[in-house]
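Residues per chain are reported as follows:
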Amino acid sequence: MQEKLSEEMRDRMEQIRQNYEEITEEIARAAEKSGRKAEDIHFLAATKTVEPALINYAIGLGLRYIGENRVQEMLSKYDEYHLDSCELQFIGALQTNKVRQIVGKVSMIQSVDSIKLMKEIDRQSEKNGIVTNILLEVNIGRETNKSGVLEENLEELLKSAAFLSHIRVRGLMTVPPICEKKADVFKFFDKMHQLFIDISGKTMDNVSMDFLSMGMSDDFSEAIQCGANMIRVGSRLFGARVYR
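Now for a description of the structure that goes with this document.

The rules behind these values
Residues numbered from 1 in each chain as written. Predicted model: local features only at pLDDT ≥ 70, side-chain atom pairs only at ≥ 80, totals over all residues. Heavy atoms only, no water. Helix = DSSP H or I, 4+ residues; strand = E, 2+ residues; numbered from the N terminus. Expected span 1.5 Å × (residues − 1). Contact = heavy atoms within 4.5 Å. Phe/Tyr/Trp six-rings, centres within 6.5 Å; stacked < 30°, edge-to-face > 60°. Buried < 20%, exposed > 50% of the residue type's maximum accessible area, 1.4 Å probe, protein only. Lys NZ or Arg CZ within 6 Å of the ring centre and 35° of its normal.

1. Regarding unusual backbone geometry
Positive phi, close to 75°, is recorded for T49, a residue that is not glycine. Mapping T49 onto the fold places it in the loop between β1 (42–46) and α2 (52–61).

2. With respect to helix α5 (residues 115–128)
Think of an α-helix as turning once every 3.6 residues; residues three or four places apart then point the same way. Taking 1.5 Å of rise per residue, 14 residues should cover 20 Å, and α5 covers 20 Å from first to last C-alpha, within 8% of that figure. Buried residues along α5 sit against α4 (99–102), β4 (108–112), β5 (132–138), α6 (154–160) and β6 (167–174). Looking one or two places after α5, you find G129, whose phi comes out positive at around 70°.

3. Describing the packing of aromatic side chains
Evaluated as defined, the whole model comprises two aromatic pairs. For the ring pair Y20 and F43, a centre distance of 5.7 Å and an interplane angle of 25° mean the geometry is stacked. One end of the pair, Y20, is in helix α1 (residues 2–33); the other, F43, is in strand β1, with 23 residues separating them in the sequence. For Y20, a relative accessible area of 12% translates into the label buried. An angle of 90° between the planes, with centres 6.3 Å apart, marks the rings of Y78 and Y81 as edge-to-face. With a relative accessible area of 22%, Y78 lands in the partly exposed category. The class of Y81 is buried, set by a relative accessible area of 7%. The lysine or arginine in question, K105, covers the ring of Y78, its NZ or CZ lying 5.6 Å from the ring centre.

Below you can see the structure in the form of structure tokens.
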């Protein structure tokens, strides 16, 4: 049984290696189309349901960012991550009562969509004596079943950051609607990029537009072509999710 498991693990690692090479090549092509270089794009691996041994193998291939979606899962795997050369970020919906469990353990929280959540991250960061980087999540498709601040409420959220000394807004994140046509997803990505550019052109205290995080396994190439400089890829790297 152990021999069979080891063989399965070796096969999965080999598939991850091949996937990693294909993804990095596609990143380079998309970056070139957008007038940039591959090194301008931050490749974050979404590691929900993936066991630490496989995550660490991907880190060994050169992966520099991993992102977890669920607090309890992240905490259960935390001590096993190899984070000497890799940053751990939180990319899922976050409840205010769980903020204290991840502040200090992650380099960035990508899914901030309310003043209440931002204030709690600030409060917990102050208790830990640190400044936490955050991205503001925008519900660019205005979907009622998704988290994220609506476009018209984004500036209010950005202005609120000026009064919080233990968080730093580093950019924007989005999960666009599922689109049957590639042309439709381009529209959402283009709209996000324009928001990113517009905010970049303003002087706002405690806000810098360093990261535009958008694009996942099915659409990261399109996102890069539209200006994303961080992508979040899961199943394309690790294979189909195995939910427990």
